[in-house]
Amino acid sequence: MSKPFDFELERLTRPSSYSGMSRGARIGPRGTFFLETFGCQMNDHDSEKVAGVLLSRGYRQVETPEAASLILYNTCSIREKAAQKVFSRLGEYRAKQSDGKVIGVLGCVAQQEGEQIFERAPWVSLVCGSASYRKLPEMLAELEAGNHRVTGLDTDTDETFETEVTRRDNPWRAYLTIIEGCDKACSYCVVPYTRGPERSRASDSILKEVRQLADLGYSEVQLLGQTVNSYADPTPRKMRFSELLLAVADVPGIRRVRFTTSHPSDFMPDIVEAIESQSRLCDHVHLPVQSGSTKVLRAMQRTYSRDEYLEKIEMMRQAKRPIAITTDIIVGFPGETEADFEETLSLLDEVRYDGLFSFKYSPRPNTPSLAMNDPIPEEEKSRRLAILQEKQREIQTARNTALIGQTFEVLVGGKSRRENQWSGYTTSHRVLNFASQAKELLGTYVQVRVTGAGPNSLVGEHVA
Ligand code: SAM
Ligand code: SF4
């Protein structure tokens, strides 16, 4: 099942403010493109929209850079390693430009490095940060006209990136950005710099897209934003985030609604009440804590203390429906002492998360924490990360094992090469691999009884 063209929105009619310079390679409007994506779900979804813009201009998407006239690389700069990858990948693309291919860098590294990319990799023709994607049609026109240096690097915008066509990768679950950028200013983070200020999309536009998605057969939607729950409806309707969640869940055909990522400071009781009252809102909240030490949280400018964070957790634990909770943690932030790290470990014991994404602190350009003293040696960061991950592994194994014998609804998203083996997600976002004699299950909802558990997934059997 595939859905190459699936969504119509208002046409992009805004004026262009990019800069261009004539020279070098040229692509035809009906060329081919190869698009590679690194980073978070927001980047994945941005790429789906970028692909939509190109398809609606007559381009054809191809599987390899060799087959493409336009090679696009959607990048991530959240940690140093991710950003380094971009330049090594650009090195690989260098030879391809001499074949007359046009090469473009999109996303966070494009925004961060700007025109310096042309200095480091003169074979690149397009540098465009995510806050300028709405100008992509105009930038493509410049490339098609043969301009060799096209940039879109504005971040001072109050507009969101809405496309005529979005080419979604998954035929059943659709991502949908409801808020772009970030105003939170955590001291370690490049996002406010690379994605620009926070701007929310109009609630009527969101709901229109959800209705169209439902008509096309999508049953799960995932609302996206760096701080998704800071959503502030710009229309006179002024829908609260929790009201929007309920309105999305009310669209006929929608069976599951997810949202990520929530910021603890804006996580209010009405969100929990919405989850309690509407079973189509998934019983999973990703609530990044970053550290268990209030001292470190202050240095990170996270705007809450350990106790305030724990109050939000308690709010969820008191809900009438169990809610799975996952988080992000950074170890080795400047000045994090052994005692601070112990507090993070004790937070794990207290919350007993269902999942954890953990990272070693990575100093990033343009961030306040870059200037902080007391850096933690790399080996020490690695040691703390390993201890944290081992502790979480034990917690997840125990939590998952406690589910053996229970039956869950699963949206089937994968079929194993091994016969009669399928996989999918529960509403709490656990991976459940299961056996079934059924001939075709992809995209359907089935009941699965859990028979086994590991730290990262469950095993089960289809209950007819
Ligand atoms: N907006 C979300 C939030 O507030 O939690 C997450 C944004 S970021 C894309 C995802 C995760 O990357 C963060 O939660 C944080 O744990 C991690 N991260 C961000 N900057 C980092 C840095 N400089 N070093 C290490 N990890 C970082
Ligand atoms: Fe980065 Fe903080 Fe904004 Fe999340 S809330 S994107 S960590 S600045």
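What counts and what doesn't
- Residues numbered from 1 in each chain as written.
- Chains lettered and ligands numbered in written order.
- Predicted model: local features only at pLDDT ≥ 70, side-chain atom pairs only at ≥ 80, totals over all residues.
- Heavy atoms only, no water.
- Helix = DSSP H or I, 4+ residues; strand = E, 2+ residues; numbered from the N terminus.
- Rg over C-alpha atoms; globule rule 2.2 N^0.38 Å.
- Contact = heavy atoms within 4.5 Å.
- Lys, Arg positive; Asp, Glu negative; His and termini not counted.
- Charge placed at Lys NZ, Arg CZ, Asp CG, Glu CD.
- Axes fitted to C-alpha atoms, helices over the stretch in contact; angles between N-to-C directions.
- Parallel < 35°, antiparallel > 145°, perpendicular 65-115°, else oblique.
- Left-handed = near helix turned anticlockwise from the far one by under 90°.
- Buried < 20%, exposed > 50% of the residue type's maximum accessible area, 1.4 Å probe, protein only.
- Pairing = 2+ DSSP bridges.
- Near = heavy atom within 4 Å.
- Polar contact = N/O pair within 3.5 Å; in protein donor to acceptor, adjacent residues only side chain to side chain.
- Areas by Shrake-Rupley, 256 points an atom, 1.4 Å probe, with all protein chains shown as cover.
- Nonpolar A, V, L, I, M, F, W, Y, C, P; charged D, E, K, R; others polar.
- pLDDT = per-residue confidence, 0-100.
- Phe/Tyr/Trp six-rings, centres within 6.5 Å; stacked < 30°, edge-to-face > 60°.

Trainee: Is there a simple way to explain the overall build of the chain in this structure?
Mentor: Scanning the chain for helices and strands turns up 13 helices and 19 strands. Compactness check: the chain gives a C-alpha radius of gyration of 23 Å against a globular reference of 23 Å for 464 residues, within 12% of the reference. With the C-alpha coordinates of the chain rotated into their principal frame, the extents come out at 65 × 60 × 50 Å. Long-range pairs, those at least 24 residues apart, make up 76% of the contacts in the chain with a sequence separation of at least 6. Here the chain holds 59 positive side-chain charges and 63 negative ones, and the gap between their average locations is 4 Å.

Trainee: Explain the packing of helix α7 (residues 203-215) against helix α8 (residues 241-249) here, please?
Mentor: For any two helices packed against each other, one specifies the inter-axial angle together with the distance between the axes. As a packed pair, α7 and α8 sit with axes 10 Å apart at the nearest point and diverge in direction by 25°. Regarding the angle of α7 to α8, the classification is roughly parallel. The two elements α7 and α8 meet at a crossing, and its hand is right-handed. Between α7 and α8, the residues in contact are Ser-203, Ile-206, Leu-207 and Val-210 and Leu-244, Ala-247 and Val-248, respectively.

Trainee: What's the story with α8 in this structure? I'm lost.
Mentor: At 3.6 residues per turn, the α-helix brings residues three or four places apart onto the same side. Among the nine residues of α8, seven are classified as buried, and the element is accordingly described as predominantly covered. Residues of α8 that are buried make contact with α7, β10 (220-224), β11 (256-260) and α9 (269-277).

Trainee: Sorry, what's going on with the sheet that holds strand β18 (residues 445-453) here?
Mentor: In a beta sheet, neighbouring strands pair by backbone hydrogen bonds and run either parallel or antiparallel. What the five strands build is a closed barrel, ordered β15-β16-β17-β19-β18; its pairing is mixed. For this sheet, the mean inter-axis angle between neighbouring strands, taken without regard to orientation, is 55°. In terms of strand pairing, strand β17 (residues 431-435) meets strand β19 (residues 458-463) through four bridges, oriented parallel. Note on β19: the bridge partner recorded for Ala-435 is Glu-461.

Trainee: Can you walk me through unusual backbone geometry in this structure?
Mentor: Excluding glycine, most residues fall at negative phi; most peptide bonds, likewise, are trans. Following Thr-260, the chain continues into Thr-261 via a peptide bond in cis, with omega recorded as 5°. The topology assignment puts Thr-261 in the loop between β11 and α9. Although it is not a glycine, Gln-301 adopts a positive phi angle of roughly 55°. One can find Gln-301 in the loop between α10 (294-300) and α11 (306-317). By relative accessible area, which is 36% here, Gln-301 ends up partly exposed.

Trainee: Help me out: how do you make sense of the site of ligand 1 in this one?
Mentor: Not every one of the 15 residues close to ligand 1 is listed here, only the nearest: Tyr-188, Gln-226, Gln-290, Asp-328 and Ser-362. Contact distances for ligand 1 include 2.7 Å between an oxygen atom and a side-chain N or O atom of Gln-290. In the environment of ligand 1, an oxygen atom lies 2.6 Å from a nitrogen or oxygen atom belonging to the side chain of Asp-328. Burial of ligand 1 by the surrounding chains reaches 91%, relative to a free accessible area of 560 Å². Where the shell around ligand 1 is concerned, the elements lending two or more residues are β13 (324-331) and β14 (355-360). When the residues that make up the shell around ligand 1 are grouped by side-chain class, the tally is six nonpolar, four polar and five charged.

Trainee: For this particular structure, what's the right way to read the confidence of the model for the chain?
Mentor: Interpretation of the predicted coordinates at a detailed level should be avoided for regions scoring low in pLDDT. In the predicted model, the chain carries a mean pLDDT of 90, and 93% of its residues have values of at least 70. Across residues 1-24 the pLDDT falls below 50, and counting only partners more than four positions away or on other chains, this stretch makes 73 contacts in the model.

Trainee: Please explain the packing of aromatic side chains as it appears in this structure.
Mentor: Given two aromatic rings, one states the distance between the centres and the angle between the planes to describe the pair. A full pass over the atoms with the stated rule returns six aromatic pairs. Between Phe-241 and Phe-259, the ring centres sit 5.4 Å apart and the planes meet at 80°, which makes this aromatic pair edge-to-face. Placement of Phe-241 in helix α8 and of Phe-259 in strand β11 is noted, with a sequence separation of 18 residues between them. A residue is classified by how much of its surface remains accessible, and Phe-241, at 4% relative accessible area, is buried. Each ring, one from Phe-333 and one from Tyr-361, has its centre 5.2 Å from the other, and the planes form 75°; the classification is edge-to-face.

Trainee: I would appreciate a short explanation of the site of ligand 2 in the present structure.
Mentor: Close contacts around ligand 2 come from Cys-182, Lys-184, Ala-185, Cys-186, Tyr-188, Cys-189, Val-191, Pro-192, Gln-226, Thr-227, His-263 and Arg-302, and that covers them all. Residue composition of the shell around ligand 2, by class: seven nonpolar, three polar and two charged.

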